[in-house]
Amino acid sequence: MADAIIANHKPYYKELKIGRKYYWCACGRSRRQPFCDGSHKGTGIEPVELACTTDGEEVLFCGCKQTKTPPFCDGTHNNLPGGYEEGQLPDNLPWVTSDDQGIRQLDGNCYVVQPTATRPTSPPGWWLRTLVEQASGSQHMAQFYGELREECSPVLTSTAGDIVLWTMEGTGQISISGRDFASVPHTGIYVRAGEAFQFKQEGDGVLSVYIAACPLTDQLVELGQMPTNFDDAWPERMVQIDAGQRNEMGPRFFQMLVDKSIGSTTATQFIGHIPQSQAEMHRHLYEEALIILSGEGVIWNDGTRARVAAGDVIFFPRKHHHSLECTSPEGMMVVGIIHPGDNPGINY
């Protein structure tokens, strides 16, 4: 049996037509990439059939032929020679600066926001700010930033679906529909659709948290009391940083936090490290909200750019052309939430 050869280091974006069958080239020899033209004969490698059941379905067919999820890209190309390239970006794009809300508006609906820019001089015990919403251009997710200074937050839920949390600072306790967990900094937390959550602050510090609602909702709903409908089928809800769980993506790495392994099927949270580098321009098939934990850099769009630093949140619409450059010698740490999607290593 012959080996598959690399047809392209990047995946092929295609929009499919309902009722049609597509035959993905698995051998890499076809001249009709990513589809089969019969060139596999004699190699022992057969094409993969895909029947389209949704008109206009958008897919990324693997081009390197090394994917573990044929016929679709799984990000393997990033770790092949020549598969991860640094970009040569124009140095004449205008710089975008923040408005009085701490927002740097880039091309289209891509923007950077500093969550604490609108914090009141004397904030209440529980303060919440909306960062990502339909009014700002999101179609698939909402994100909020909350600070708890004393006692308990309201009992909160989303009528739209799942909630994914990231605890930034402070310690305390989180209750999820009647089940209590210790809340410590830098932890991903999953709240299933229909469940509610509440934070309790402990100690002297402020408990700060990012709250992503997937799919999109206009606002979080406050309940009068905590329900007791915790889903025991998925008892593990907290995921902390573990160097042993890292996935390489070229010179970068990421670790999955909240994903389908703990029950989240459409939204994925990850933590990643970006070395001092300038990635080439690319797109994703998912929306993304990216929290900068440490380091500095520049977010590039086709027509504008903006400086970013620890504490900023970047929102990327689906299929938006962009590049995130890290300018810090020590690199940049980020936490991202993507929806709908399950692999932050896939781009085109």
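Please refer to the structure higher up on the page.
Owing to the predicted nature of the structure, the values given are computational and were not obtained by experimental measurement.

Q: Could you clarify how one ought to interpret the side chain of N347 in this entry?
A: Residue placement: N347 occurs in the segment after strand 27 (332–339). Residue class for N347 comes out buried when judged on its relative accessible area of 8%. If we skip the residues at most four places from it in the chain, N347 touches K10, P11, H77, N78, H282, R283 and H284.

Q: How do you make sense of the packing of aromatic side chains when you look at a structure like this?
A: Geometry of an aromatic ring pair is reported as the spacing of the ring centres plus the angle between the planes. Tallying each qualifying case throughout the model produces 10 aromatic pairs. Relative to F72, the ring of F61 lies with its centre 6.3 Å away and its plane at 20 degrees, an arrangement referred to as stacked. Of this pair, F61 sits in strand 4 (residues 58–61) while F72 sits in the loop between strand 4 and strand 5 (103–105); the two residues are 11 residues apart in sequence, bridging distant segments of the chain. F72 gets classed as partly exposed once you look at its relative accessible area, which sits at 29%.

Q: Please explain the nonpolar core as it appears in this structure.
A: Considering soluble globular proteins, one finds that nonpolar side chains tend to be buried as a cluster. Core analysis: the biggest nonpolar cluster contains 27 residues, and L131, V164, W166, Y210, I291, L293 and I337 have the highest contact counts within it. Those elements that provide at least two residues to this core are strand 6 (111–113), strand 7 (126–132), strand 10 (162–169), strand 15 (207–214), strand 22 (287–294), strand 25 (313–316) and strand 27. Setting aside residues up to four positions removed in sequence, L293 forms contacts with W166, M168, I271, A310, M333, V334 and V335. Counting residues in each nonpolar core, the second largest holds 22 residues, with I274, I292, I314 and I338 among its members.

Q: Just to check I follow, could you spell out the side chain of H40 for this structure?
A: Of note, H40 is situated in the loop between strand 2 (21–24) and strand 3 (48–51). Once you skip the residues sitting within four places of it in the chain, H40 turns out to touch C27, I45, E46 and P47.

Q: Would you mind showing me how to read the pattern of salt bridges here?
A: Once the charged atoms of two side chains with opposite charge are near each other, the side chains can pair. The tally for this structure, following the rule as stated, stands at 12 salt bridges. With a shortest N-O distance of 3.8 Å, E49 and K21 are connected by a salt bridge. Of this pair, E49 sits in strand 3 while K21 sits in strand 2, and the two are 28 residues apart along the sequence. Its relative accessible area of 44% is what places E49 among the partly exposed residues.

Q: Explain the sheet that holds strand 23 (residues 296–300) to me, please; I cannot follow it from the model alone.
A: Hydrogen bonds between backbone atoms are what pair the strands of a sheet, whose relative direction is either parallel or antiparallel. Reading across the sheet, the 4 strands line up as 21-26-23-24 and stay open at both edges, with antiparallel pairing between neighbours. Only two strands of the sheet have a single neighbouring strand rather than two, namely strand 21 (277–278) and strand 24 (305–309). Direction of pairing for strand 23 relative to strand 26 (residues 323–326): antiparallel, over a ladder of 4 bridges. If you follow G297 over to strand 26, its bridge partner there is C326.

Q: Please clarify how the sheet that holds strand 27 should be interpreted in this entry.
A: Spatial strand order, 5-6-25-22-27-20-19-18: 8 strands in an open sheet with antiparallel pairing. Two strands lie at the open edges of the sheet, namely strand 5 and strand 18 (247–249), each paired on one side alone. For this sheet, the mean inter-axis angle between neighbouring strands, taken without regard to orientation, is 25 degrees. Sheet analysis places strand 22 next to strand 27, joined by 7 bridges and oriented antiparallel. Pairing of E288 across the sheet is with I338, part of strand 27.

Q: Looking at this structure, I do not really get the pairing of strand 11 (residues 171–176). What am I missing?
A: Look at any regular strand and the pattern is simple: side chains alternate between the two faces of the sheet. Bridging between strand 11 and strand 14 (residues 197–202) involves 6 bridges; their strand directions are antiparallel. Note that in strand 14 the partner of S175 across the bridge is Q198. As paired strands, strand 11 and strand 12 (residues 179–183) are joined by 5 bridges and run antiparallel to one another. Residue S175 lies in a different strand from strand 12, and its bridge partner there is D180. In textbook terms, the turn of a hairpin is the stretch between consecutive antiparallel strands, and for strand 11 and strand 12 this stretch comprises 2 residues, one of which, S177, has a positive phi near 45 degrees.

What counts and how
- Residues numbered from 1 in each chain as written.
- Predicted model: local features only at pLDDT ≥ 70, side-chain atom pairs only at ≥ 80, totals over all residues.
- Heavy atoms only, no water.
- Helix = DSSP H or I, 4+ residues; strand = E, 2+ residues; numbered from the N terminus.
- Buried < 20%, exposed > 50% of the residue type's maximum accessible area, 1.4 Å probe, protein only.
- Contact = heavy atoms within 4.5 Å.
- Phe/Tyr/Trp six-rings, centres within 6.5 Å; stacked < 30°, edge-to-face > 60°.
- Core = buried A, V, L, I, M, F, W, Y, C linked by side-chain atoms within 4.5 Å.
- Salt bridge = Lys/Arg side-chain N within 4 Å of Asp/Glu carboxyl O.
- Pairing = 2+ DSSP bridges.
- Axes fitted to C-alpha atoms, helices over the stretch in contact; angles between N-to-C directions.

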